[in-house]
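Read off the chains here:
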Amino acid sequence: MDLKKNGGKLILSSRVKTINFNKNLATGITLNNGSSYSCESVVTNTDVWNLKKLIPNEISKKWNTKALNPNKCDSFLHIHLGFDADGLENLPIHAIHVDEWEKGITAERNIAVFSIPSVLDKNMAPEGKHVLHGYTPANEPWEIWENLNPKGLEYRNLKEERCSIFLNAVRKFIPDIDERIDLKMLGTPTTHKKFTNTYCGSYGPALSAAKGLFPGCKTPVKNLFTCGASTFPGIGIPAVSASGAYAAEKIIGKKEFKTLLKKINL
Ligand SMILES: Cc1cc2nc3c(=O)[nH]c(=O)nc-3n(C[C@H](O)[C@H](O)[C@H](O)COP(=O)(O)OP(=O)(O)OC[C@H]3O[C@@H](n4cnc5c(N)ncnc54)[C@H](O)[C@@H]3O)c2cc1C
């Protein structure tokens, strides 16, 4: 693996507690388990709200207040299904259900997006079964969920009710889906927050392209860089990859960066 060959180390399941500073320079990070790592530059891809928690107040004061407190996009409902594949021909790999086109993508529970990866690759599910993931695209308000106890009846009932959008839509292309289900897992903004560590389970900062750009990867601290969905060019896999590359370029310099791009034929 190139990361290891070049002296890198990947440490998983380790929460960063703080980014450490000496005066105005970042000196490394400390994990929740107490271990510390020092380095010449720190690059973080947490969302902007989590970044704020990782840096001391005297450092965050250097940021423009608005930049650390953007409006947030809404969150998600999810469904994961495991179901009997017997006799199901020509299932779509992807499907999008739209209730009312006029309402658009930001309306609550109006659109559901589905993927059935086992249609593409049988190894994604046990023999004779399919797996399906569905989600509502960043239009589920956090505020409905934030004060509910995930172990409580109110939460569970609301979860079933709000997530009914999924099976209602799946029944349109698999009419007997209810009899086929072996496994059903529903997710709410609370689930999304828990598993992605995002602020309020949000998709990311709600910054309109019509009104300006996302902040770039440089920060008021010379050797602290950001990348990911809170950084220019914004949300989405291609965008976050680009911001990671921008941060790398800022650290190693344009010339070295160009050499690396050539090495990977870009
Ligand atoms: C349901 C869904 C569907 C999507 N579909 C698409 C799509 O089809 N195409 C597309 O381009 N984009 C899609 N996106 C958007 C895309 O997935 C995200 O914009 C992108 O993954 C964000 O990458 P990131 O590196 O900024 O954040 P993440 O991938 O969220 O990475 C941030 C990481 O930081 C970790 N973290 C947070 N705090 C700490 C801490 N204190 N210490 C250590 N680690 C921490 C988190 O656990 C997380 O692993 C989708 C997103 C969702 C939720």
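Because the structure is predicted, anything quoted here is derived from the model rather than measured. (Residues numbered from 1 in each chain as written. Predicted model: local features only at pLDDT ≥ 70, side-chain atom pairs only at ≥ 80, totals over all residues. Heavy atoms only, no water.)

**Digging into the site of the ligand**
Here is the rule we go by: When we say a residue is near a molecule or strand, we mean one of its heavy atoms is within 4 Å of it. Whenever two N or O atoms come within 3.5 Å, that pair is a polar contact, provided that in protein one can donate a hydrogen and the other can accept it, and provided that, for residues adjacent in sequence, both atoms are side-chain atoms. Accessibility throughout is a Shrake-Rupley quantity obtained with a 1.4 Å probe, and a residue counts as covered only by protein chains that appear here. The helix count covers DSSP runs of H or I at least four residues long, the strand count covers runs of E at least two residues long, and both are numbered beginning at the N terminus. Marked domain ranges trace back to an automatic or database domain assignment.
Val16, Asn45, Asn197, Ala229 and Ile237 are the nearest of the 19 residues found near the ligand. Asparagine 45 places a polar side-chain atom, nitrogen or oxygen, 2.9 Å from an oxygen atom of the ligand. Here an oxygen atom of the ligand and a side-chain polar atom of asparagine 197 are 2.8 Å apart. Notes on the ligand: free accessible area 1,000 Å², of which the protein chains cover 64%. At the level of elements, helix H9 (189-196) and helix H10 (237-252) are the ones that each hand at least two residues to the shell around the ligand. Of all the elements, H10 adds the most residues to the shell around the ligand, at three residues. Both domains that furnish three or more residues to the shell around the ligand are identified here as domain 1 (2-71 + 205-263) and domain 2 (78-201).

**Let's talk about helix H11 (residues 254-263)**
Defined as follows: Only protein chains enter the calculation, and the probe is 1.4 Å; a residue is then buried if its accessible area is under 20% of its type maximum, exposed if over 50%, and partly exposed in between.
With one of ten residues buried, H11 is to be regarded as a mostly surface element. The first or second residue beyond H11 is asparagine 265, which carries a positive phi of 60 degrees.

**Looking at the domain arrangement of the protein chain**
Each domain of the protein chain was delimited in the assignment, giving domain 1 (2-71 + 205-263) and domain 2 (78-201). Using only C-alpha atoms to locate each centre, domain 1 and domain 2 end up separated by 32 Å.

**So, H10**
The criterion, for reference: A helix is expected to span 1.5 Å for every residue after the first. Here the arc refers to the directions that run from the helix axis out to each C-beta atom. By definition in these notes, contact holds between two residues if any of their heavy atoms fall within 4.5 Å.
Along its 16 residues, H10 runs 23 Å from first to last C-alpha, staying within 8% of the 22 Å computed at 1.5 Å per residue. Inspection of H10 places Ala239, Ser243, Ala247 and Glu249 among the buried residues, and these make up the whole buried set. Across the axial projection of H10, the buried residues extend over an arc of 160 degrees, all falling on one side. Residues of H10 that are exposed and point over 90 degrees away from its buried face: Ile237 and Pro238. Contacts made by the buried residues of H10 are with strand S4 (42-44), strand S10 (224-226) and H11. Downstream of H10 by a residue or two, glycine 253 has a phi angle that is positive, lying close to 95 degrees.

**Quick word on the layout of surface pockets**
Selection rule: Within this scheme a cavity is a closed region of a 1 Å grid, computed over the protein atoms alone, that accommodates a 1.4 Å probe without allowing it to escape, whereas a pocket is open but has protein on both sides within 12 Å along at least five of seven lines; lining residues each have an atom within 4 Å of a point. Grid points are joined across faces, edges and corners, and a volume is the space filled by probe spheres set on the points. We call Asp, Glu, Lys and Arg charged. Ala, Val, Leu, Ile, Met, Phe, Trp, Tyr, Cys and Pro are nonpolar, and the rest, Gly among them, are polar.
Quantified by volume, the second largest pocket comes out at close to 390 Å³. Of the residues belonging to the lining of the second largest pocket, the class tally is nine nonpolar, six polar and two charged.

**Let's talk about the pattern of salt bridges**
Put simply, the rule is: Whenever Lys or Arg places a side-chain nitrogen within 4 Å of a carboxyl oxygen from Asp or Glu, that contact is recorded as a salt bridge.
Enumeration over the complete set of coordinates arrives at eleven salt bridges. Residue glutamate 108 pairs with arginine 162 through a salt bridge whose shortest N-O separation is 2.9 Å. Separated by 54 residues along the polypeptide, glutamate 108 in the loop between strand S6 (94-98) and strand S7 (111-115) and arginine 162 in helix H6 (residues 153-162) bring together distant segments of the chain. Judged by its relative accessible area of 43%, glutamate 108 falls in the partly exposed class.

**Focus: the sheet that holds S6**
The criterion, for reference: Note on pairing: DSSP must find at least two bridges between two strands before they are called paired. Orientation is described by lines fitted to C-alpha atoms, with helices fitted over the stretch in contact, and by angles between N-to-C directions that extend from 0 to 180 degrees.
Spatially, the five strands line up as an open sheet ordered S6-S7-S8-S5-S9, and their pairing is antiparallel. In this open sheet, the two edge strands, each paired with only one partner strand, are S6 and strand S9 (181-187). The mean inter-strand angle of the sheet, taken between neighbouring strand axes irrespective of direction, is 15 degrees. Of the strand pairs in this sheet, strand S5 (residues 78-84) and strand S8 (residues 129-135) are connected by seven bridges, and their pairing is antiparallel. When the bridges of S8 are listed, aspartate 84 appears paired with lysine 129. Each of S5, S6, S7, S8 and S9 touches helix H7 (residues 164-173); the most contacted strand, S7, lies at about 60 degrees to it.

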